[in-house]
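# Structural characterization, general
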Amino acid sequence: MRTFFKFFLSFFFCVPAFCQEMRGKISTVINSVERGGISNATAELLKAKDSSLVKISLTDADGRIEFDNILLGTYLLRITGDNFATSLSAPVTLSSATPAVIIPPIILQPISKELSSVTVNARKPFIQKLSDRIVVNVENSIVSAGSSAMDVLERSPGVNVDQNDAISLRGKQGVIIMIDGKPTPMNGADLANYLRGLPSAAIERLEIITNPSAKYDAAGNSGIIDIRMKKDQRMGINGTLTAGYGQGVYPKANAGTTFNYRNKKINVFGNYNYAYRIGLNHLLLDRNFFENGIYSGGDLKDNYSKSPTSSNASRIGLDFFPSKKTIIGVVLNGNFNAYKRRNNNSSIVIDPAKQATSTFNSLATNDDLAKNVLANINFKHSFDSTGKELTADADYGVYRSNSLTVNATNYYRLDGSDLQPNYILNGDQEGKLTFKTAKVDYVNPLPHGAKWETGFKTSFVSSDNDAKFWDVSTGVPVNDINKTNRFLYQENNNAAYINASKEYKKFNLQLGLRAEHTQIETEQKIGNVKFDSSYLQVFPSAFFNYKLKEDKTLGISVSRRIDRPGYSQLNPFLFLIDVTTYATGRPGLLPQITWAYELSYTLKNLNFTASYSHTVNNQNIAIARFRDVFPTISSDENVTVQIPINLASSDYYGLDFSAPVKINKWWNMINNGNLYYEKFNGKLGGTSLNKGRPVADLRTNNTFTLKKGWTAELNANVNTGGQYGFMVLDPQWGISAGVQKTILKTKGTIRFNITDIFWTNLPQAVITYDNYIEKWHAYRETRVANLSFTYRFGNNKVQAARRRTTASEEERQRAQ
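What you see is a predicted model, and the numbers here were worked out from it, not measured in a lab.

Attention now moves to the overall build of the protein chain. Helix and strand counts for the protein chain stand at six helices and 46 strands. Per-residue burial for the protein chain yields a buried fraction of 51% across its 816 residues. For the protein chain, the proportion of contacts with a sequence separation of at least 24, taken over those separated by at least 6, is 67%. When the accessible surface of the protein chain is summed, it comes to about 36200 Å², and 59% of that surface belongs to carbon and sulfur atoms.

What follows is the structure, given as structure tokens:
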């Protein structure tokens, strides 16, 4: 670590020595033949020797364009505009004698009417492998039409979702889910419900970043999945209308709209999306208990859950441009979701002789409401055209939830007669999460391709969860003192970072350092149980890329990351799933720390990445005997509780590849693979863990460009299964297909698809401890037929839109 700091400091303080090199300015006016200046034409400043891009900008309302703070040298200007032919200027030389050059007005020639009527569609591939991330272009995917955000995630490279809706990336949990650069404050069931209610029509793309730099929050040992929402990027008034219907076992429907108004001074934008989906989760469980290695009993469970969900997601914002270099913006996001669940559980109780002795049936219902509101104010100032800028964000969010539950259980003998009195538990749970965050970032480019960045962030999070449960078995409500409780949580996190980077002729280097101080206080009202913790962590990172040849690049990266527990994982409430299964949290759960290393090689369009990571205090979900966790509460022998634990460590070895193949002019194929082995070390009760299992996750995406506006898509995936903690997953595979047709003079698009055609992409696994073995198999609605329609209206003149990354990043991901 000391060597790293010395190298970082020497690198950082040596860079500014180049600051004194002289710079110049190039300006001109872009005109048309028939009229004066052309607004919003694209001007690219190129190096004359190799036509490499230096800067890009747009002309103002009068057609003027200016590039200042440019290194001395010889350049070209390439000008493009809608309905105009591309124009290339003569070489322009900046020297110490002529550091400022005004190019005579450039006249763009209009394209003939015959040519202007031809539309050229530059369709991005569904999956793109860039130098530092994988991009999933959702809006260009036929198969993704009519799906939810959760469906799209499950079909993305390296992403998996288990039976508890936990999302993992390349076999590792701890992934941070972000929305437009801001981590969502939800996790667990709340996050899953939100993603299932978010239609894919509202999503532009996913960005999967496996090894983020110091600029990002240090959270997320497996990386970041950033869901980028659609925002119309055109001048004037424009937008989209979308509607869709899907049919699996149960129906799904969605509708939405986006709008955008932009002129020289303001940009008003917004969207609204509604989704109604009835979900299915049919879970089969075979639970087996042992005492000293001898079978002592068990049960067979059949859980059939039907869950209607209605989701209303809205966003409205305003950008104000007081000058060419300054933007002030406000954004208001609201999500209002209603989630209902009806779960029928039929269980057969097995005795030590492996004979059925009795049964019980449970009916569990949920009536949940979530009201999430987030307000953001943001500021951006560009000092010059070199990229020097200052950005600031402040967020205030309130997330409220309410859940009314009923869990009724009837016990029977094998002949159908009553075995014991019925048990009925009613619950009323309220939650409120408030977070206030602010951050400032500064970027300062330097001569010779150098740059340094710095910033800080502060956040205050408070959570109040109040759960009340009553035993109404006798018809008279009686407070259940073992389940009723109130849990308060307070957290303050302060962070600062610095990045320094340098571009050389053959290679580039980036070094970063981030420090985060966290202070936590919790209080469990019943019993007056308090817990507090305070710690400072430092997170260095380094990235190096070397160009072996023009089409061959070698890259190396290393970073240290942290995964703090989700707010619900720290909540010690005792939640009833059924009369033999509970769930709880642990206030003393430790954050897990990961060192991640990557070696990448790019050959033309082929990408290969070898990775290794070592994690300590690995967070995992364990299943324990109820009596071992809550010895003071009486319970039957075969009652379990799901509880988060820290394993000692885990080691991950991986190899990823991306191979685009152009079969012919109408058939393009993109193949992605993730081969990995993860070994876990730890102990729970009397069970020691020191094992892992190799996994292959392979995916192929095929697009077919047909005649008369028709396109088609065929996707396939296979996962060989693997190990996560004490759980071993079985293999699964799936095939999806879809077609698309453009209509209404390319303003409309109709899409039809069927996902998981053979209904085979279904998870199943075995969980093994010394005294307990559980086998489960989940049936979900992975096979759905979707029909969707999108209509685009308004002005087609493109204006680059500003992406907003607000302050509340990690906080929203961890929120319950």
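Moving on, there is more to tell.
Quick look at the packing of aromatic side chains now. As enumerated under the stated definition, the model contains 25 aromatic pairs in all. Note on Tyr652 and Tyr676: the rings are 5.5 Å apart at their centroids and 25° apart in plane angle, and the pair reads as stacked. Taken as a pair, Tyr652 in strand S36 (residues 640–664) and Tyr676 in strand S37 (residues 667–684) lie far apart in primary sequence, 24 residues in all. Look at Tyr676 and you get buried, because its relative accessible area is 11%. Ring centres 6.4 Å apart and planes at 35° place the aromatic pair Tyr769 and Tyr772 in the tilted group. Taken as a pair, Tyr769 and Tyr772 share a single burial class, namely buried. It is Lys354 that lies over the ring of Tyr295; its NZ or CZ is 5.1 Å from the centre. Over the aromatic face of Tyr504 sits the side chain of Lys502, whose NZ or CZ is 4.1 Å from the ring centroid.

Attention now moves to the nonpolar core. In this structure, Tyr582 and Phe626 are the most contacted members of the largest nonpolar core, which totals 28 residues. Of all the elements in the fold, those that place two or more residues in this core are strand S23 (356–382), strand S24 (389–413), strand S25 (418–446), strand S26 (450–471) and strand S28 (485–503). Considering every element that reaches this core, the biggest residue donor is S25, with four residues. With near-sequence residues (within four places) excluded, Phe626 lies in contact with Leu574, Tyr582, Ile633, Ser635, Val639, Thr640 and Val641.

Residues Trp666, Leu706, Trp710, Val739, Leu744, Ile750, Phe752, Leu787 and Phe789 make up a contiguous nonpolar surface patch of about 800 Å² in total accessible area. Elements represented by at least two residues in the nonpolar patch include exactly strand S43 (748–755) and strand S46 (784–794). The topology assignment puts Ile750 in strand S43.

Moving on to the pairing of strand S16 (residues 203–209). Across the seven residues of S16, seven count as buried, placing the element largely inside the fold. Sheet analysis places strand S11 (residues 134–136) next to S16, joined by three bridges and oriented antiparallel. Looking at S16, one finds that Val136 is bridged to Leu206. Sheet topology places S16 next to strand S17 (residues 224–229); six bridges connect them, and they run antiparallel. In the sheet register, Leu206 faces S17, and the bridge partner there is Ile227.

Criteria and cut-off values
Residues numbered from 1 in each chain as written. Predicted model: local features only at pLDDT ≥ 70, side-chain atom pairs only at ≥ 80, totals over all residues. Heavy atoms only, no water. Helix = DSSP H or I, 4+ residues; strand = E, 2+ residues; numbered from the N terminus. Buried < 20%, exposed > 50% of the residue type's maximum accessible area, 1.4 Å probe, protein only. Contact = heavy atoms within 4.5 Å. Areas by Shrake-Rupley, 256 points an atom, 1.4 Å probe, with all protein chains shown as cover. Phe/Tyr/Trp six-rings, centres within 6.5 Å; stacked < 30°, edge-to-face > 60°. Lys NZ or Arg CZ within 6 Å of the ring centre and 35° of its normal. Core = buried A, V, L, I, M, F, W, Y, C linked by side-chain atoms within 4.5 Å. Patch = residues over 30% accessible without salt bridge, like charges linked within 9 Å, V, L, I, M, F, W, Y side chains within 5 Å. Salt bridge = Lys/Arg side-chain N within 4 Å of Asp/Glu carboxyl O. Pairing = 2+ DSSP bridges.

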